[in-house]
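Observations on the three-dimensional arrangement
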Amino acid sequence: MAAKISSLLRQTFKYPGKFFCNSFYTYSSEPFHPLPNRVPQWRTAEEAVAVIKSHDKVWIHGSSMTPTPLVEALAEHGKRGGLKNVELIHILTEGPLEVAKPEFQGVFRINALFLDKNTRGAVNEGRADFVPIFLSEIPLLFGRGIINLDVALVQVSPPDEHGFCTLGAAVECTRAAIINAKYIIGLVNPKVPRTFGDSVIHMSHIDTMVEGDMDLPGKDLGDSDEIERKIGQHIAGNLVSDGATLQMGIGTIPQAVCEQLTHHRDLGIHTEMFGDKLVELVELGCITNARKTVSTGKIVVSFVIGSRKVYDFLDNNPFISKCNACWGQVRCSPVEH
């Protein structure tokens, strides 16, 4: 065992333009701590994705943090560079997802761990794969070495005065991916909210940074219809008591339930995701997290999709702790009445 540890500590990682030899302190891929004497290279999107080669496995940051300029640059690189069988792994992504189009068959092979309208057609036509898996189990694919990534494409908030970026509105499985990946490309966007918890990554762990300035995608579910409101009333009135801890999903039913919780008190949030309606409950004083038995006093969430209102609510807000997907879906103890 001692010999194995010694070998790990002497391990050398190759980065563009230099060799970086790990010491006892810096061998860890834990992204929270700074790596001494290491800074990322600033490149254009086209230059950044040029490191991706045939047969690589590439992670794409998901939901509202989908790094669309990097994905578009990768699509162009795939065509011009004659790439073959690059595996693109992701959960829910927002936007058109250029690489899923039929003309990229043979260049890219999507391995979707969550299906949405931008990938469902490719899967149905046999041009992409779908792996049914619990969101909370996806980080284990990387942590246990079942999938080993060559490159991770992520979107981050700008570094602060200490060099710390964040994964913004979506930590989900991306924290596990950046720990596993050999190379990290970060799209730095000033419109990404700065968030806390598992979201933090020091810029020294990012190999290449790309400057970007674009709005985050939103998801407007519209107003609940009569049937959805009745379902929401039934759930809120019969299943959710004061002090309950809630886990929410995506769709109109979770939204309809939130609309009917405006007279509840001391609600807690430990959830996969949330949107705009939760902000309204916070503003009304319905959510305090005071009676939670896990992470008391804090909203715990893995990713967020909504309007600019919810992204502004996230920004620099210590009331919210962003978490890895396997923590965001832990079972909380029930509230005692």
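The text that follows walks through the structure, step by step, so that each part is easy to find. All values derive from a computational prediction rather than experimental measurement. (Residues numbered from 1 in each chain as written. Predicted model: local features only at pLDDT ≥ 70, side-chain atom pairs only at ≥ 80, totals over all residues. Heavy atoms only, no water.)

Before going further, it helps to examine the nonpolar core. If you look at the biggest cluster of nonpolar residues, it comprises 62 residues, and the most contacted ones within it are W59, F274 and L278. By size, the runner-up hydrophobic cluster in this structure holds 31 residues, among which are L83, V86, I110 and A112. (Core = buried A, V, L, I, M, F, W, Y, C linked by side-chain atoms within 4.5 Å. Buried < 20%, exposed > 50% of the residue type's maximum accessible area, 1.4 Å probe, protein only.)

For the pair helix 7 (residues 226-238) and helix 8 (residues 252-259), interaxial distance at closest approach is 8 Å and the crossing angle is 60 degrees. In terms of their interaxial angle, helix 7 and helix 8 are classed as oblique. In this structure, the crossing between helix 7 and helix 8 has a hand that is right-handed. When helix 7 is examined against helix 8, the residues E228, R229, I231, G232, I235 and A236 are found in contact with a partner set consisting of T252, I253, A256, V257 and E259. By residue class, the composition of the contact of helix 7 with helix 8 is six nonpolar, two polar and three charged. (Axes fitted to C-alpha atoms, helices over the stretch in contact; angles between N-to-C directions. Helix = DSSP H or I, 4+ residues; strand = E, 2+ residues; numbered from the N terminus. Parallel < 35°, antiparallel > 145°, perpendicular 65-115°, else oblique. Left-handed = near helix turned anticlockwise from the far one by under 90°. Contact = heavy atoms within 4.5 Å. Nonpolar A, V, L, I, M, F, W, Y, C, P; charged D, E, K, R; others polar.)

With that out of the way, let us pick up the pairing of strand 15 (residues 268-274). Of all the seven residues making up strand 15, seven are buried; the element is thus mostly covered by neighbouring parts of the structure. Bridge analysis of strand 14 (residues 245-246) against strand 15 gives two bridges, and the strand direction is parallel. Bridge pairing in strand 15 places L246 opposite I269. One ladder, built from four bridges, connects strand 15 with strand 16 (residues 299-304); its direction is parallel. Paired with H270 across the bridge in strand 16 is V300. This β-α-β element, strand 15 to helix 9 (residues 276-283) to strand 16, shows right-handed connectivity. (Pairing = 2+ DSSP bridges. Right-handed = clockwise from strand over helix to strand, strands pointing away.)

Turning to empty space enclosed by the protein, a few remarks are in order. Following the criterion strictly, the structure yields two cavities of 30 Å³ or more and no others. As for the largest cavity, its lining consists of V99, A100, K101, F104, Q105, F108, R109, I110, A122, R127 and A128. Here the lining of the largest cavity takes three residues from strand 6 (residues 108-112), the largest share from any one element. In terms of residue class, the lining of the largest cavity is made up of seven nonpolar, one polar and three charged. The volume enclosed by the second largest cavity comes to roughly 40 Å³. Around the second largest cavity sit T66, T68, V71, E72, E94, P96, L97 and E98, which together line it. (1 Å grid on protein atoms, 1.4 Å probe; cavity = no way out; pocket = protein on both sides within 12 Å on 5 of 7 lines; lining within 4 Å. Points joined across faces, edges and corners; volume = space filled by probe spheres on them.)

Here we come to the sheet that holds strand 15. If you walk across this open sheet you meet the five strands as 11-17-16-15-14, and the pairing is parallel. A strand with exactly one partner marks an edge of an open sheet, and here the two such strands are strand 11 (196-197) and strand 14.

Mapped onto the elements of the fold, E228 is located in helix 7. One buried charged side chain, E228, makes no salt bridge at all; its nearest oppositely charged neighbour is R229, positioned 6.9 Å away. When near neighbours in sequence (up to four residues on either side) are disregarded, E228 contacts D223, T252, I253 and A256. (Lys, Arg positive; Asp, Glu negative; His and termini not counted. Salt bridge = Lys/Arg side-chain N within 4 Å of Asp/Glu carboxyl O.)

Here the focus is the pairing of strand 4 (residues 57-60). Where strand 4 lies against strand 5 (residues 86-90), three bridges are found, and the strand directions are parallel. Among the inter-strand pairings, V58 is bridged to a residue of strand 5, identified as L88. The handedness of the strand 4 to strand 5 crossover, carried by helix 3 (residues 68-80), is right-handed.

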